[in-house]
Amino acid sequence: MMETFWDGMYSLSCYTGARLATTFDFAQVRRLLDVGGGGAAFDIELCQAHPHLQATVFDLPFVKDLTLDRVRSANLEDRIDFVAGDFFADALPDGYDAILLSNILHDWNEADVQRILATCANALAPGGHLLVCESFVNDDKSGPAMAALVSLNMLVETWGRNYTAAEYSAWIRETNLTVEGVRPLDSPGASGVLVARKPSSPFPAPRRTSATGT
């Protein structure tokens, strides 16, 4: 059952990953941390599309055993590695200039979503990007139908639901990241990617003064 589920999620995710590869400018990303990266579908697609990219899958210890063969089959074992951990209990590895959360947050309630976002913001390198791929419900919660149906499924089977871009944006701003907006994805796996950025410096730029020093 686990293998069947894993294969189904991989098929859905690799298509979405290929769309993300052309939607966000990965030229500025050297090291990507895929939090809850599971079958590494996004990492494989992104690394194939961007030869300079190195990716790390952060997930529970058993995930590597289910995923390593796919990475080897793609000849990417030298560019995709694994770090075992639990994002509720362990600190994320740092030094990455982009962190990806793909269809992770809709599994969790609002308080847990905020915890995950804060953990990612703390680990992100200054100037780095947080990428949240999800099927967003409209801000007025009127639809779209597919996002609403998936949200209902999440309410029945998990602790979460599909959230709106406005909800995610508000929570992300609380972590002191700057929200840059949502870019649409033409994919059944996710309707868009919400892009946020960590300031390059924790300190505000110095105020300009006149030639007289006032």
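Residues numbered from 1 in each chain as written. Predicted model: local features only at pLDDT ≥ 70, side-chain atom pairs only at ≥ 80, totals over all residues. Heavy atoms only, no water.

Brief notes about the pattern of salt bridges
Point 1. Applying the stated criterion across every chain, the model contains 4 salt bridges.
Point 2. Here Asp69 makes a salt bridge to Arg72, at a shortest N to O gap of 4.0 Å. Here Asp69 and its partner Arg72 are both found in helix α3 (residues 63–73), 3 residues apart, which amounts to about one turn of the helix.
Point 3. Of the charged contacts in the structure, one is a salt bridge between Glu110 and Arg161, with a shortest N-O distance of 3.0 Å. Of this pair, Glu110 sits in helix α4 (residues 110–123) while Arg161 is found in the loop between α5 (145–157) and α6 (165–173), placing the two residues 51 residues apart along the sequence.
Point 4. Note on Arg161: relative accessible area 16%, which makes it buried. (Salt bridge = Lys/Arg side-chain N within 4 Å of Asp/Glu carboxyl O. Helix = DSSP H or I, 4+ residues; strand = E, 2+ residues; numbered from the N terminus. Buried < 20%, exposed > 50% of the residue type's maximum accessible area, 1.4 Å probe, protein only.)

Focus: the nonpolar core
Point 1. Counting 31 residues, the largest nonpolar core has Leu20, Phe26, Leu32, Ile80 and Cys133 as the members making the most contacts within it.
Point 2. Of all the secondary structure elements, the ones that give two or more residues to this core are α1 (2–23), α2 (41–49), β2 (54–59), α3, β3 (80–84), β4 (96–102), β5 (124–134) and β7 (192–197).
Point 3. Setting aside anything within four residues of it in sequence, one finds Ile80 in contact with Asp43, Ile44, Cys47, Ala55, Val57 and Val71.
Point 4. Counting residues in each nonpolar core, the second largest holds 30 residues, with Ile99, Ile104, Trp108 and Phe136 among its members. (Core = buried A, V, L, I, M, F, W, Y, C linked by side-chain atoms within 4.5 Å. Contact = heavy atoms within 4.5 Å.)

Here we look at unusual backbone geometry
Point 1. The backbone phi angle of Ala40 is positive, close to 65°, even though this residue is not glycine.
Point 2. By secondary structure assignment, the location of Ala40 is in the loop between β1 (31–35) and α2.
Point 3. Residue Ala40 is classed as buried on the basis of its relative accessible area, which comes to 0%.
Point 4. Positive phi values are uncommon outside glycine, yet Asn176 reaches one of about 70°.
Point 5. Positionally, Asn176 belongs in the loop between α6 and β6 (178–184).

Any functional reading would require information beyond the geometric quantities listed.
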